[in-house]
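Inside the fold
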Amino acid sequence: MPTAPGIAFSPPATPLSEAVVVIEGLEHAFGEGDLCKQILFDINLTIRAGEIVILTGPSGSGKTTLLTLIGCLRSVQQGSLQVLEQELNGANKATQIQLRRYIGYIFQAHNLLEFLTARQNVQMALELHPQISPKQAKTMAESMLSAVGLGEKFHTYPHALSGGQKQRVAIARALASHPRLILADEPTAALDSKTGREVVDLMQKLAQEQGCAILLVTHDHRILDIADRIVHLEDGYLVQDQVL
Ligand SMILES: Nc1ncnc2c1ncn2[C@@H]1O[C@H](COP(=O)(O)OP(=O)(O)OP(=O)(O)O)[C@@H](O)[C@H]1O
Ligand SMILES: [Mg+2]
């Protein structure tokens, strides 16, 4: 377990098999009036603790839209979406912000801040948690960077890291505060196949150790084997829910 000793913050673990995400009849549209275009139709999906679900589908099918809804980055319009037993349809901003603390985000364009070192980038995510002191945040950030193989790069700025190393900092940042759910949008798209494999293996290992759920969007067929289930979006409909 890549945790530093003496860490005060540890949200109670979700028991394995407990639902982290429950979606029923979710619909979503962009635009108003005549320009309104429905993007998601009657989405039903449950993701349990410890499960890795891969979401595939053609460009424009609604994958990122679904991920941002689950990630509390966009308001639910219609249907039911529960994250950690909290209904998001009708939820206020404070609830959304609160839930985001339990979610780790890994996006393709890793969104590292260029003026912060690797350690500061990871530490920043921990500073959202008022119960973690700056000293603890520093120790946790260093421990997480070591866990992803970047023990030598605490003080390196993103411009001096390779693509795979930057993606690992993003993973360390997403996992540092032990989220219950990880949302990853094409985390390997910018990586060669060997580095891409290393990155997903690492996500899988850390997620299993922490017992969190992962929803991962990918076009990369070489990493499908890490999934417990593959779901497929086609024109806004979830057309397949394949248990491996
Ligand atoms: N903020 C927005 N306003 C209006 N339309 C949007 C917005 N975001 C996405 N869309 C539209 O919604 C549809 C689904 O977009 P989304 O980004 O979810 O697709 P995707 O499956 O993630 O595609 P890709 O594989 O290319 O990333 C697209 O037609 C897109 O143009
Ligand atoms: Mg997308």
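If you look the protein chain up in an unreviewed UniProt entry, it shows as ABC exporter ATP-binding subunit, DevA family from Gloeomargarita lithophora Alchichica-D10.

A look at helix α5 (residues 163-175)
In this model, α5 (13 residues) spans 18 Å end to end at C-alpha, consistent with the 18 Å of a helix rising 1.5 Å per residue. Most of α5 is tucked away, with twelve of its 13 residues classed as buried. Those residues of α5 not exposed but buried are G164, Q165, K166, Q167, R168, V169, A170, I171, A172, R173, A174 and L175. Elements that come into contact with the buried residues of α5 comprise β6 (103-107), α3 (118-126), α4 (134-147), β7 (181-185) and α6 (193-210).

Observations regarding the sheet that holds strand β5 (residues 86-87)
Pairing is antiparallel across the open sheet formed by four strands, whose spatial order is β2-β1-β4-β5. Every interior strand has two partners, whereas the edge strands, β2 (37-48) and β5, have only one. In this structure, strand β1 (residues 19-30) lies alongside β2, joined through eight bridges in antiparallel fashion. Among the inter-strand pairings, I23 is bridged to a residue of β2, identified as L45.

Comments concerning the nonpolar core
Counting 40 residues, the largest nonpolar core has L145, V148, V169, I171, M203 and L216 as its most contacted members. Breaking this core down by element, the ones donating at least two residues are β3 (52-56), α3, α4, α5, β7, α6 and β8 (213-217). Sort the elements by how many residues they give to this core and α6 lands first, with six residues. Formed jointly, this core draws a minimum of three residues from each of two domains, domain 1 (14-102 + 181-244) and domain 2 (111-178). What V169 contacts, discounting residues up to four positions off in sequence, is L112, A118, N121, V122, L145, L150 and L161.

With respect to the site of ligand 1
Lining the immediate environment of ligand 1, one finds 13 residues, of which S59, G60, K63, T64 and T65 sit closest. In this structure, S59 approaches ligand 1 through a side-chain N or O atom, which is 2.6 Å from an oxygen atom. K63 places a side-chain nitrogen or oxygen 2.7 Å from an oxygen atom of ligand 1. For the shell around ligand 1, the secondary-structure elements that each account for two or more residues are β2 and α1 (63-70). Here the shell around ligand 1 takes three residues from α1, the largest share from any one element. Per-class residue counts for the shell around ligand 1 are three nonpolar, seven polar and three charged.

Thresholds, definitions, all that
Residues numbered from 1 in each chain as written. Chains lettered and ligands numbered in written order. Predicted model: local features only at pLDDT ≥ 70, side-chain atom pairs only at ≥ 80, totals over all residues. Heavy atoms only, no water. Helix = DSSP H or I, 4+ residues; strand = E, 2+ residues; numbered from the N terminus. Expected span 1.5 Å × (residues − 1). Buried < 20%, exposed > 50% of the residue type's maximum accessible area, 1.4 Å probe, protein only. Contact = heavy atoms within 4.5 Å. Pairing = 2+ DSSP bridges. Core = buried A, V, L, I, M, F, W, Y, C linked by side-chain atoms within 4.5 Å. Domains from an automatic or database assignment. Near = heavy atom within 4 Å. Polar contact = N/O pair within 3.5 Å; in protein donor to acceptor, adjacent residues only side chain to side chain. Nonpolar A, V, L, I, M, F, W, Y, C, P; charged D, E, K, R; others polar.

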